[in-house]
Amino acid sequence: MSPPSVKSAVPPALTFSDLSKVFPDGTHAVEEASFSVSPGEFVSIIGPSGCGKSTLLKMASGLTDISGGTIDVDRNSIGYVFQDATLLPWRTVQKNVELFAELHKRPAGDIKRLAAEAIELVGLKGFENKYPKSLSGGMKMRASLARSLTLSPKVFLFDEPFGAIDEITRDRLNTELMQLFVRNKFAGLFITHSISEAVYLSTRVLVMSARPGRIIAEFEVPFEYPRTQSIRYTPEFAVITGQVNDALHEAYAPIRKAFGDTQTSGQTTDPITGRLGASNRLPGGKR
Amino acid sequence: MTTQLVNDIFIEQAAVTAPQTPKKRFDAIGVLGPLTVFGLFLALWYGGRLLLKPYKRFVLPPPHRIFTQGFGDKIVREKILAATWLDVQVAVVGLGIAIILGMFIAIVMAQSRTLERSFYPYFVALQAIPILTISPLIGSILGYAKSPRIFVTVIITIFPIIANTLFGLRGVEDGYHDLFTLHGVGRWRRLLTLQLPAASPSIFTGFRISAGLAVIGAIVGDVFYRQGDAGLGLLVDVYNSRLRGPATWACIITAAALGLIFFGFFSVLKGKFVDVWNETKS
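Residues numbered from 1 in each chain as written. Chains lettered and ligands numbered in written order. Predicted model: local features only at pLDDT ≥ 70, side-chain atom pairs only at ≥ 80, totals over all residues.

**Looking at the overall build of chain A**
For clarity, the threshold we go by: To qualify as a helix, a DSSP run of H or I must reach at least 4 residues; to qualify as a strand, a run of E must reach at least 2; elements of each kind are numbered from the N terminus. In this scheme the burial state of a residue depends on its C-beta neighbours within 10 Å: 20 or more other such atoms mean buried, 12 or fewer mean exposed, and anything in between means partly exposed; the C-beta positions come from the backbone. Any residue pair is listed as a contact if its two C-beta atoms, each placed from the backbone, are within 7 Å.
A tally of helices and strands in chain A yields nine helices and nine strands. For chain A, the proportion of its 287 residues judged to be buried stands at 43%. Within chain A, residue pairs in contact and separated by at least 24 positions form 74% of the contacts whose partners lie at least 6 positions apart.

**With respect to the overall build of chain B**
What counts here: The globule rule used for comparison is 2.2 Å times the number of residues to the exponent 0.38, while the radius of gyration itself is calculated over C-alpha atoms.
Counting its secondary structure elements, chain B contains 11 helices and zero strands. Written out in order from the N terminus, the α and β elements of chain B read α-α-α-α-α-α-α-α-α-α-α. Taken over the C-alpha trace, chain B has a radius of gyration of 26 Å; the compact-globule value for 282 residues is 19 Å, which it surpasses by more than 25%. Overall size of chain B, expressed as C-alpha extent along the three principal axes, is 80 × 65 × 30 Å.

**Digging into the interface of chain A and chain B**
Rules: Residues are grouped as follows: Ala, Val, Leu, Ile, Met, Phe, Trp, Tyr, Cys and Pro are nonpolar; Asp, Glu, Lys and Arg are charged; all remaining types, including Gly, are polar.
On the side of chain B, 13 residues touch chain A, which itself brings 13 residues to the contact. Residues of the side of chain A that touches chain B, tallied by class, amount to eight nonpolar, three polar and two charged.

**What to know about the pairing of strand 9 (residues 215-220) of chain A**
Residues and elements named next belong to chain A. Put simply, the rule is: When DSSP finds at least two bridges between two strands, those strands are taken to pair.
As paired elements, strand 8 (residues 204-208) and strand 9 share five bridges and run antiparallel to each other. Of the residues in strand 9, the one forming a bridge with Leu206 is Glu218. In this structure, the hairpin formed by strand 8 and strand 9 is closed by a connection of six residues.

**Thoughts on helix 2 (residues 53-61) of chain A**
Residues and elements named next belong to chain A. Most of helix 2 is tucked away, with nine of its nine residues classed as buried. All of the buried residues in helix 2 are Lys53, Ser54, Thr55, Leu56, Leu57, Lys58, Met59, Ala60 and Ser61. Within two residues after helix 2, Gly62 carries a phi angle of roughly 90 degrees, on the positive side.

**Remarks on the pairing of strand 6 (residues 155-159) of chain A**
Residues and elements named next belong to chain A. To keep it simple, the criterion reads: Look down the strands so they point away from you; if going from the first strand over the helix to the second traces a clockwise path, that crossover is right-handed.
A large share of strand 6 lies buried, amounting to five of its five residues. In strand 6, alternate side chains face the same way, and those of Val155, Leu157 and Asp159 on one face and Phe156 and Phe158 on the other are all buried. Of the strand pairs in this sheet, strand 5 (residues 78-81) and strand 6 are connected by four bridges, and their pairing is parallel. Opposite Gly79, over in strand 6, you have Phe156 as the bridge partner. Here five bridges tie strand 6 to strand 7 (residues 187-192), and the two strands are oriented parallel to one another. Each bridged residue has a counterpart across the sheet, and for Phe158 the counterpart in strand 7 is Phe190. Where the polypeptide runs from strand 6 across helix 6 (residues 167-184) and back to strand 7, its parallel neighbour, the crossover connection is right-handed.

**Thoughts on the sheet that holds strand 1 (residues 14-22) of chain A**
All names here are of chain A. To be explicit about the condition: Note on definitions: angles span 0 to 180 degrees between N-to-C directions of axes, and those axes are lines fitted to C-alpha atoms, for helices only across the stretch in contact.
Overall, antiparallel pairing links the three strands, which are arranged 2-1-4 in an open sheet. The outermost strands of the open sheet, each flanked by one partner alone, are strand 2 (28-37) and strand 4 (68-73). Across the sheet, the mean angle separating the axes of adjacent strands is 20 degrees when strand polarity is ignored.

**Structural notes on the packing of helix 5 (residues 113-128) of chain B against helix 7 (residues 147-170) of chain B**
Residues and elements named next belong to chain B. This is how it is decided: The scheme is simple: roughly parallel for angles under 35 degrees, roughly antiparallel for over 145, roughly perpendicular for 65 to 115, oblique for anything else. Each crossing gets its hand from how the near helix is turned against the far one by less than a right angle, where anticlockwise is left-handed and clockwise is right-handed.
Between helix 5 and helix 7, the shortest axis-to-axis distance is 9 Å and the interhelical angle comes to 140 degrees. Here helix 7 runs oblique to helix 5, going by the angle between their axes. In the crossing of helix 5 with helix 7, the sense of the turn from one axis to the other is left-handed. Taken together, the residues of helix 7 that come into contact with helix 5 (itself represented by Phe123, Leu126 and Gln127) are Ile155, Phe159 and Ile162. Residues belonging to the contact of helix 5 with helix 7 are distributed by class as follows: five nonpolar, one polar and no charged.

**Comments concerning helix 11 (residues 245-273) of chain B**
Here is the rule: What a helix is expected to span follows from its residue count: subtract one and scale by 1.5 Å.
For helix 11 of chain B, spanning 29 residues, the distance from its first C-alpha to its last is 42 Å, which sits close to the expected 42 Å at 1.5 Å a residue. Of the surrounding secondary structure, the elements contacted by the buried residues of helix 11 of chain B are helix 3 (63-71), helix 4 (74-110), helix 9 (187-224) and helix 10 (232-241) of chain B.

**Some points on the nonpolar core**
Here is a general trend for soluble globular proteins: nonpolar side chains tend to be buried in one another's company. To be explicit about the condition: A set of buried Ala, Val, Leu, Ile, Met, Phe, Trp, Tyr and Cys residues, joined through C-beta atoms within 7 Å, is what we mean by a nonpolar core.
By size, the foremost hydrophobic cluster in this structure holds 79 residues, and its most contacted members are Ala146, Val155, Leu157, Val205, Val207 and Val244 of chain A. In terms of residues, this core owes the most to one element, helix 5 (residues 137-149) of chain A, which gives six residues. Among the nonpolar cores identified, the runner-up in size contains 51 residues, and Ala91, Met109, Ile150 and Leu166 of chain B belong to it.

**Some remarks on the sheet that holds strand 3 (residues 42-46) of chain A**
All names here are of chain A. Reading across from one edge, 5-6-7-3-8-9 is the order of the six strands in this open sheet, with mixed pairing throughout. Among the strands making up the open sheet, the edge pair consists of strand 5 and strand 9. Going from strand to strand, the sheet's axes swing by 15 degrees on average, the running direction of each strand aside. Direction of pairing for strand 3 relative to strand 8: parallel, over a ladder of four bridges. Considered in strand 8, the bridge of Ile46 is made with Val207.

**A look at the confidence of the model for chain B**
All names here are of chain B. Quick note on the threshold: Values of pLDDT, the confidence the predictor places in each residue, fall between 0 and 100.
Chain-level statistics for chain B give a pLDDT mean of 88 and a share of 90% at 70 or above. Mean pLDDT values over the elements of chain B span from 39, in helix 1 (residues 2-17), up to 96, in helix 4. Low pLDDT (under 50) marks residues 1-20, which in the prediction has zero contacts with non-local residues, meaning those over four places away or in another chain. Note on the complex model: pTM 0.81, ipTM 0.82.

**Some points on the confidence of the model for chain A**
Residue and element names in this part refer to chain A. Summarising the model, chain A shows a mean pLDDT of 85, and 87% of its residues fall at 70 or more. Counted against residues more than four places away or in other chains, residues 1-7, with its pLDDT under 50, gives 12 contacts. Predicted confidence for residues 264-287 stays below pLDDT 50, and this span has 45 contacts to residues more than four positions away or in other chains.

Encoded structure:
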């Protein structure tokens, strides 16, 4: 699978066009965001806290109204994974994973089978009858993923799913999620604060500015899938994370200005090509 | 010798780590502590009654007489049994009505802030009315037999049920609601699959409080409404006025036991249906 070339051939599963969001209190959360995600593409968005990344996902799923622009997506085929696993504590793992199929009134036999498959896929076999209180944070997240997998959504939205999980577990969950992506070829849109996580998982990384959130840079990640943890320690990986880091530095500019910091972005150069790090940035940061 | 010692150490360690469910050790403090306090209490009782003027000592009969002349007396025993059965009926029916009505009211109020804001102050006010002040009115309307006693029980027990159910239903985190919204779940289904189970720890807390109050309600009702069969409240009053200390105390102990049984029943239910999954113990 070579994502960049496939991308243009497959019609996008999720398209944002000039999307804006202004909250009733006047907060300008998102400004003219335009991008699309095709099946088999995994796009990460990284940016300062409170820059409207989560709002983007909420608009995509219909949880929040949009103020301007359009979204093109099949709302019946969205999987949405929150930062919190949001498992129902009174249901066992099995019953939690069955929830969505149950809410969509699938036949009883299907519900059981879909749940069993998803549980097997995320490696929770043997934990079916445990209540969430006896699971670790990583296992809860796996159960949450399994729950979303049962309906085989074409579009997967991830709102910092591993934000509260320790780094070792996080790396493992990254690999597992990447394998699920390779297997199911959904269109993934992933919000994170971790540059390394974004680069490791994604076909593309988008950098969003501080509020009002705009997409100010875009990076293609050329590594083939399935990826291994070892790519994290290659020079190419370091170059891309460096570039993302530079763009992110710029994204924080308005915030830094507010704190009176005049230091300019420390640009990294690509040790192989000698190009300036931020060369991949969209012209003028999208217009 | 040394080997033997080493072995012993290992065996001991194995014994400590091996059993998955540790054997319940005899809980010395948990058993001996309360027993000691009970002993002290009895001593105080036997001693304390001697401080009373002789003609008042009927109030504190020697504890053993509660069993010989109270529970031991066949007529007293039969009267207490009949009265207890009556109070159980009043408490169960009253609590049942309060649970059904109270949960219904809470569920309705949980549907809209407007409804909640309009009605809730009146339930708080209902809770604040001293039952003594309206008991004559209740009697004038419902008579003086069993139904006013049930009514009093309902009034005393309904508020904790409304308040705790509402608190539980309202307390469901936004993330869960988002989850259900994403899947197009309607009001009714959301109530049954999300809100009620999520509220159940709080609902059971309300049940437990109200269960204890139900017994109090039934007995208070006995004292006010004296027509028909006597409940424990009336029986206590009658025995006390006849200076029958042991019989009076037999009634008091029975009433206390009844309250504990009601409370215990809902504690057991809570343990069975809530504590198995609930992370925060209450």
